[in-house]
Amino acid sequence: MIESINIGPRVEVEIFGVIKLTAYEKHPVDGEVTLDEQGIVGDGHYAREAEEGRDHAIQLCSTDNYKFWEERLNKKLRPGVFGESVTYEGPNEHSVRIGDIIKIGLVRLEITGPRIPCAKLAHFIGEDLSFPRVYHQTSRTGIYARVLNAGRIAAHDQIQFEATNPSLPLVADIAAALLDRTPNQDWMTALTKEPRLSIMIRNMYLKKLESVSRRGTN
């Protein structure tokens with residue numbers, strides 16, 4: 001079930017001494033919202049010009065991750081604090097794969113990969129700059145998805161996850177590989193050609209492979 005739908009405006013925020021334009025800060029809203037291939041209409045992330053915009057049309061986070069971090073950080077966390085548009089009760093990054101389909105009524109989403117944390121996460125959750133790496137190391141990063149079928153969604157809607165291809169990697173494994181100093185290069189290279197993986201992660205993998213190759217020649 002969807003716990004909450006979270007949206008927020010695109011505003012300037014000072015983050016660790018740097019002014020950034022961001023729609024990271026999201027709060028729960030009542031009623032239905034319209035979701036299309038560019039994201040949630042009315043949210044500050046809607047129709048982003050970034051290359052990965054449609055691959056990252058919507059970010060989702062499981063309530064299981066909230067329980068994990070509330071225990072670890074010893075504080076209550078409000079829905080949307082991780083910057084996600086949909087907070088839901090259901091499987092997390094360790095049990096869903098890229099290409100899996102998410103069904104919410106008539107809406108259909110396709111999982112494209114993990115969210116990669118940055119300084120904005122640390123700022124809005126009230127932690128220091130070491131936190132994004134700690135967060136990433138758990139692979140409880142949040143899930144990005146593209147929109148296949150548009151429609152309207154609301155809190156308390158039922159949400160279903162449909163596995164599509166067991167040979168594709170788990171979202172958690174995709175996130176973990178970015179921190180691995182000696183990744184499986186054949187595996188990573190194959191994924192750079194996988195269209196179901198977000199373009200942002202594909203580009204990050206290409207940079208990772210280039211870095212590993214340079215180290216190998218030194």
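Residues numbered from 1 in each chain as written. Predicted model: local features only at pLDDT ≥ 70, side-chain atom pairs only at ≥ 80, totals over all residues. Heavy atoms only, no water.

### A few points about the side chain of T192
Consideration 1: Counting through the fold element by element, T192 comes out in the loop between helix 5 (185–191) and helix 6 (199–217).
Consideration 2: Judged by relative accessible area, which is 15%, T192 ranks as buried.
Consideration 3: Aside from chain neighbours lying at most four places away, what touches T192 is R202, Y205, L206 and L209. (Helix = DSSP H or I, 4+ residues; strand = E, 2+ residues; numbered from the N terminus. Buried < 20%, exposed > 50% of the residue type's maximum accessible area, 1.4 Å probe, protein only. Contact = heavy atoms within 4.5 Å.)

### Observations concerning the sheet that holds strand 11 (residues 143–149)
Consideration 1: Ordered by their spatial adjacency, eight strands build an open sheet running 4-1-8-7-11-10-9-13, and the pairing between neighbours is mixed. For this open sheet the edge positions go to strand 4 (27–29) and strand 13 (160–162), each flanked by a neighbour on one side alone. For this sheet the average axis-to-axis angle between neighbouring strands, irrespective of direction, equals 40°.
Consideration 2: In this structure, strand 9 (residues 101–104) lies alongside strand 10 (residues 107–114), joined through four bridges in antiparallel fashion. Its bridge partner being in strand 10, I104 is matched across the sheet by V107. (Pairing = 2+ DSSP bridges. Axes fitted to C-alpha atoms, helices over the stretch in contact; angles between N-to-C directions.)

### Brief notes about the pairing of strand 10
Consideration 1: Burial analysis of strand 10 places seven of its eight residues in the buried class, which makes it a mostly covered element.
Consideration 2: Hairpin connection of strand 9 to strand 10: two residues between the antiparallel strands, including G105 at a positive phi of 60°.
Consideration 3: Bridge count between strand 10 and strand 11: six bridges; the pairing is antiparallel. Following the sheet pairing, G113 is matched in strand 11 by Y144.

### Observations regarding the pairing of strand 2 (residues 11–15)
Consideration 1: The pairing of strand 2 with strand 3 (residues 18–22) spans five bridges and is classified as antiparallel. Counterpart to V13 in the pairing with strand 3 is K20.
Consideration 2: Hairpin geometry of strand 2 and strand 3 is characterised by an intervening segment of two residues between the two adjacent antiparallel strands and by a positive phi of about 50° at F16.

### Section: the state of the cysteines
Consideration 1: One pass over the full model with this rule turns up zero disulfides.
Consideration 2: In this structure C61 is not part of a disulfide, and its nearest cysteine sulfur, from C118, lies 15 Å away.
Consideration 3: According to the relative accessible area criterion, C118 is partly exposed, its value standing at 34%. (Disulfide = S-S within 2.5 Å.)

### Description of the packing of aromatic side chains
Consideration 1: Going through the model one piece at a time under the given rule, you end up with nine aromatic pairs.
Consideration 2: On the basis of an interplanar angle of 25° and a centroid distance of 5.4 Å, the ring pair of W69 and Y135 is categorised as stacked. Here W69, found in helix 1 (residues 63–73), pairs with Y135, found in helix 3 (residues 131–137); they are 66 residues apart in sequence, far enough to count as distant.
Consideration 3: The exposure class assigned to W69 is buried, which follows from its relative accessible area of 1%.
Consideration 4: Ring centres 5.3 Å apart and planes at 40° place the aromatic pair Y88 and F161 in the tilted group. Taken as a pair, Y88 in strand 8 (residues 86–88) and F161 in strand 13 lie far apart in primary sequence, 73 residues in all. (Phe/Tyr/Trp six-rings, centres within 6.5 Å; stacked < 30°, edge-to-face > 60°.)

### A closer look at the layout of surface pockets
Consideration 1: In this structure, the largest pocket spans a volume of roughly 470 Å³.
Consideration 2: As for the largest pocket, its lining consists of 27 residues, of which H45, R48, Q59, K120 and Y144 are closest to the centre.
Consideration 3: Residues that form the lining of the largest pocket fall into these classes: 12 nonpolar, eight polar and seven charged.
Consideration 4: Empty space within the second largest pocket amounts to approximately 160 Å³.
Consideration 5: Together, E3, T63, Y66, K67, E70, K76, L77, P79 and T87 line the second largest pocket.
Consideration 6: In terms of residue count, helix 1 provides more of the lining of the second largest pocket than any other element does, four residues in total.
Consideration 7: Class assignment for the residues of the lining of the second largest pocket results in three nonpolar, two polar and four charged. (1 Å grid on protein atoms, 1.4 Å probe; cavity = no way out; pocket = protein on both sides within 12 Å on 5 of 7 lines; lining within 4 Å. Points joined across faces, edges and corners; volume = space filled by probe spheres on them. Nonpolar A, V, L, I, M, F, W, Y, C, P; charged D, E, K, R; others polar.)

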